[in-house]
Amino acid sequence: MKKIEPRPAATLILFRDSAAAPEVFLLQRTRDAVFLPGAYVFPGGALDAEDSSERATRRVLGLSDAQASARLGIAAGGVAYWFAAARECFEESGILLAVERDGRPVDAQRAAALAHLRAPLNAGTLEFSRLLEDEDLYVPAAEIAYYSHWITAPGRPRRFSTRFFIACAPAGQAGAHDREETVSSAWLSAREALERHKRGEIELIFPTRSSLTDLAAFPSPRAVLEHAKGLGDIEADAACWALDHEGSKRLFRRADAPYYEIHWSDPQETGDTCFVLQPGVPKRLDRLVTRIIAPNPGFMTGAGTNSYLVGQEQLAVIDPGPEIDSHLEALLAAGDGRIRWIFCTHTHIDHSPAAALLKARTGATVLGRPRPAQGNQDHSFTPDRVLAHGERVALGGVTLRAIHTPGHASNHLCYLLEETSMLFTGDHVMQGSTVVINPPDGDMRAYLASLEMLLAEQVAIFAPGHGYLIGAPQREVKRLIAHRLARESKVAAALARHSGATPEELVAEVYDDVPARIHAVAARSLAAHLDKLVHDGRARLEGGHYVARHAGKLPPG
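Residues numbered from 1 in each chain as written. Predicted model: local features only at pLDDT ≥ 70, side-chain atom pairs only at ≥ 80, totals over all residues. Heavy atoms only, no water.

(A) Region of the structure containing unusual backbone geometry. Cis geometry is found at the peptide bond from Pro439 to Pro440, where omega equals 10 degrees. In this structure, Pro440 sits in the loop between β23 (422-426) and α13 (444-454). One non-glycine residue, Glu269, lies in positive phi territory at about 60 degrees. By the element assignment, Glu269 lies in the loop between α10 (259-265) and β13 (283-284). Assessed through its relative accessible area of 14%, Glu269 is described here as buried. The backbone phi angle of Asp319 is positive, close to 60 degrees, even though this residue is not glycine. Asp319 gets classed as buried once you look at its relative accessible area, which sits at 2%. (Helix = DSSP H or I, 4+ residues; strand = E, 2+ residues; numbered from the N terminus. Buried < 20%, exposed > 50% of the residue type's maximum accessible area, 1.4 Å probe, protein only.)

(B) Geometry of the confidence of the model for the protein chain. When pLDDT is averaged along the protein chain, the result is 94, and 97% of the positions lie at 70 or above. Across residues 551-557 the pLDDT falls below 50, and counting only partners more than four positions away or on other chains, this stretch makes 14 contacts in the model. (pLDDT = per-residue confidence, 0-100. Contact = heavy atoms within 4.5 Å.)

(C) Expanded view of the pattern of salt bridges. Inspection of every chain in the model, using the stated rule, returns 38 salt bridges. Notably, a salt bridge pairs Glu201 with Arg196, separated by 3.3 Å at the nearest N-O pair. A relative accessible area of 45% places Glu201 in the partly exposed class. The residue Arg497 makes a salt bridge to Glu509 at a minimum N-O spacing of 2.8 Å. Of the two residues, Arg497 sits in the loop between α14 (473-496) and α15 (503-510) while Glu509 sits in helix α15, which places them 12 residues apart along the sequence. Given the relative accessible area of 56%, Arg497 is considered exposed. We classify Glu509 as partly exposed; its relative accessible area is 27%. (Salt bridge = Lys/Arg side-chain N within 4 Å of Asp/Glu carboxyl O.)

(D) Quick peek at the nonpolar core. One finds Leu12, Leu14, Trp82, Leu96, Phe128 and Phe165 to be the most contacted residues of the largest nonpolar core, which totals 44 residues. At the level of secondary structure, the elements contributing two or more residues to this core comprise β1 (7-16), β2 (23-29), α2 (65-72), α3 (79-93), α6 (128-135) and β8 (160-168). The element contributing the most residues to this core is α3, with 10 residues. For Leu14, the contacting residues outside a window of four places in its chain are Glu23, Val24, Phe25, Cys89, Ile95, Ala167, Cys168, Ala169 and Trp187. Counting 37 residues, the second-largest nonpolar core is a separate cluster that includes Tyr260, Leu277, Ile293 and Phe424. (Core = buried A, V, L, I, M, F, W, Y, C linked by side-chain atoms within 4.5 Å.)

(E) Expanded view of the pairing of strand β12 (residues 249-252). Two strands pair when backbone bridges link them, and strand β11 (residues 240-243) and β12 are joined in this way by four bridges, in the antiparallel orientation. Each bridged residue has a counterpart across the sheet, and for Trp241 the counterpart in β12 is Leu251. The hairpin formed by β11 and β12 contains five residues between the paired strands, and Gly247 there has a positive phi angle of roughly 90 degrees. (Pairing = 2+ DSSP bridges.)

(F) Representation of the pairing of strand β17 (residues 339-343) in the model. With four of five residues buried, β17 lies mostly within the body of the structure. Bridge count for strand β16 (residues 315-318) against β17 is four bridges, and the pairing is parallel. Bridge pairing links Val317 to Ile342 in β17. A crossover connection joins β16 to the parallel β17 through helix α11 (residues 325-335); in handedness this β-α-β unit is right-handed. Across three bridges, the pairing between β17 and strand β18 (residues 365-368) is parallel. Bridged to Trp341 within β18 is Thr365. Following the chain from β17 across helix α12 (residues 354-362) to the adjacent parallel β18, one finds a crossover that is right-handed. (Right-handed = clockwise from strand over helix to strand, strands pointing away.)

(G) Molecular detail of the packing of aromatic side chains. For the structure shown, the criterion picks out 12 aromatic pairs. Arranged with centres 5.1 Å apart and planes meeting at 55 degrees, the rings of Phe25 and Trp187 form a pair that is tilted. You can see Phe25 sitting in strand β2 and its partner Trp187 sitting in strand β9 (residues 182-189), a full 162 residues away along the chain. The same class applies to Phe25 and to Trp187, which are both buried. These aromatic residues form a ring-pair network of at least three members: Phe42, Trp150, Phe164 and Phe206. Above the ring of Tyr138, the side-chain terminus of Arg59 is found at 4.2 Å from the ring centroid. Sitting above the plane of the Tyr81 ring, Arg163 keeps its charged end 5.6 Å from the centroid. (Phe/Tyr/Trp six-rings, centres within 6.5 Å; stacked < 30°, edge-to-face > 60°. Lys NZ or Arg CZ within 6 Å of the ring centre and 35° of its normal.)

Laid out in structure tokens, this is it:
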């Protein structure tokens, strides 16, 4: 697949008030269009050279290029996107999102008087910055909020890297299609547009549907705008292709589990990487790392335990996995006589038992931390070298740094590959599920502290003990912390409603959002939450029952 660099573009989602629900402006593209024929879209299009001109920049009110670029996460040229969003909006819909020098919105009558200039703008004989300069009007950047970033999948005839913005439609401006590139237009509530798409009456592409779904619940245009203004860092959703195990291609987006792994392992966007988690089949993740999945699938292990071979001329194995002959042979075959080190993240029986067998076959040095006395531990594990927190190990051209992350297990280590900033997380961070914290060796306080510690690390991607690579590490860690604290609030609130209770008595109430079949496992983490409340002075343990302290002051949950 030939790689075509996506062209920068801007799209504006316009909302207006209505009696039932806020409405959004949609345009139907002509069926003769090369890109998205017949689809209903928001006004928008590619950036022009004019959008980054000095004159255009002077016509943007209240936003410097440095501020705009920082918001978009680019080095320079950010303000051009705000300008392009307003320009495309006027060219395609006739809605003039502009203000006077003193910040007053342009009135509807004046905007209507300028509508005839859409034709020369679209023909390229008039520049939008010239129009604004002649009329002494400005683009009100403060009223245009950056909302999302979508990148067209490789292989399309045209590709765009489109920044979506949100604005409230100016009073009295209804808008209209241009009868050339667009042949119809409508103001619809987000829910109505989605329902009409579902009935097959209109075609909405995925980014449009996703945006409408996300914004449908807001009660007013101003609420939508303020929501967008409050968003933190916005990550691109870059659609990508990958192959299944039979060679058929499938499209993935950011919400799909394999998304980040596809981008990491196929940076050239060839579409030739396989997304299927296949036990026993080596998967080259990058120039330094190959993954082999053990054939131990299950409720707790997903597709199986991930073993990683790291390095070039000489190799380290991270988490050799369970004692399964076929898995050991797969590691030896992939290692091809080059395995020199064996690292274990912890000593649960799905991660470390193969270490002794692999050492016997290769003579490799075993590194990690001794097994704890409690829990379901691998009693065969004896490290040749006990690693301290922060210790760096040179592996013949690459370096791993050990990070002690107790919580799931007291001896748990993550390993940072310094050359690529890939962090091997074992069971500290898992893809597809949360980690079970099983006292007494599992400790919720330690687990949360270990998560907080990772926020200080410069990590590009997580390589977990189970599942796909996990992208956006900072966001994922913050999500996990928020999830655990939200669960803690539910535990505290439930405990306050009882005069005393055991984890087994509370589990159905606290974990009412998960299937009952996993309540027995959830009860382990619930016990860890309760132990944390006791340590924090918010509960006490009496005769095997947990009792809330100062119940009236506990968070509502």
